[in-house]
Amino acid sequence: ATLFAGSRVVWLDISDNALGGSLRSGAATLEALSATLTRLDASRVGLRSLRGWELLPRLRAVAVAGNALTRLGTAPSLVELEKLDVSGNSLRSAEDLAEFVRSRPSLTSLRVSGNHIHDAAFVAVFASASIA
């Protein structure tokens, strides 16, 4: 049994904890929340990847600011995502961001400030997307 077994939690804030790595290590907890969780704040927890997020298919708002993410990847998870905050990470590739955005048509808000994107034309990559 997990802490959240049978839970109806829709919003979880686990920010500012020393979780590290990826959410995959808490797979049983994530599976217990998969039916209800729509908002997650995992800011400043030491994440280095988004592995494990496929266990939370209903997420609509995610904050992973202030972690150590270097890329978002192209995993087919988070397809219902509407809001994403990846500010203050170590993202470098505008194309990686663009690919992530293109594969999530419901995304309307994206925060990427404070990363390491040096492509001055990176804003143009999103010109055709309807991102707020």
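For the structure given in this document, a descriptive report is provided here. This is a predicted model, so every value here is computed, not measured.

What follows is about the overall build of the chain. Looking only at helices and strands, one finds three helices and five strands in the chain. When the helices and strands of the chain are listed from N to C terminus, the series reads β-α-β-β-β-α-β-α. Evaluated residue by residue, the chain yields a buried proportion of 44% over its 132 residues. Contacts in the chain between residues at least 24 apart in sequence constitute 53% of all its contacts with a sequence separation of at least 6. Accessible surface computed for the chain: about 7000 Å², of which carbon and sulfur atoms make up 54%.

This paragraph deals with unusual backbone geometry. If you check the backbone angles, Asp 16 has positive phi at about 60° while not being a glycine. For Asp 16, the position within the fold is in the loop between β1 (11-13) and α1 (27-33).

This part covers the side chain of Asn 89. Secondary-structure assignment places Asn 89 in the loop between β4 (83-85) and α2 (94-102). With a relative accessible area of 3%, Asn 89 lands in the buried category. Aside from chain neighbours lying at most four places away, what touches Asn 89 is Val 64, Ala 65, Gly 66, Asn 67, Ala 68, Leu 69, Gly 114, Asn 115 and His 116.

Here we come to the sheet that holds strand β3 (residues 61-63). Read across the open sheet, the five strands follow the order β1-β2-β3-β4-β5; overall the sheet is parallel. In the strand order of this sheet, the two ends are held by β1 and β5 (109-111), each with one partner. Across the sheet, the mean angle from the axis of one strand to that of its neighbour is 0°, orientation sign disregarded. Alignment of strand β2 (residues 39-41) against β3, held across three bridges, turns out to be parallel. Across the sheet, Asp 41 pairs through a bridge with Ala 63, a residue of β3.

The subject of this paragraph is the environment of Arg 111. The residue Arg 111 is located in strand β5 in this model. For Arg 111, a relative accessible area of 47% puts it in the partly exposed group. Here the alpha-carbon distance between Arg 111 and Gly 88, two residues 23 residues apart in the chain, equals 9.5 Å. In this structure the side chain of Arg 111 is engaged in a polar contact, spanning 3.4 Å, whose partner is the side chain of Asp 85.

What counts, and where the lines are drawn
- Residues numbered from 1 in each chain as written.
- Predicted model: local features only at pLDDT ≥ 70, side-chain atom pairs only at ≥ 80, totals over all residues.
- Heavy atoms only, no water.
- Helix = DSSP H or I, 4+ residues; strand = E, 2+ residues; numbered from the N terminus.
- Buried < 20%, exposed > 50% of the residue type's maximum accessible area, 1.4 Å probe, protein only.
- Contact = heavy atoms within 4.5 Å.
- Areas by Shrake-Rupley, 256 points an atom, 1.4 Å probe, with all protein chains shown as cover.
- Pairing = 2+ DSSP bridges.
- Axes fitted to C-alpha atoms, helices over the stretch in contact; angles between N-to-C directions.
- Polar contact = N/O pair within 3.5 Å; in protein donor to acceptor, adjacent residues only side chain to side chain.

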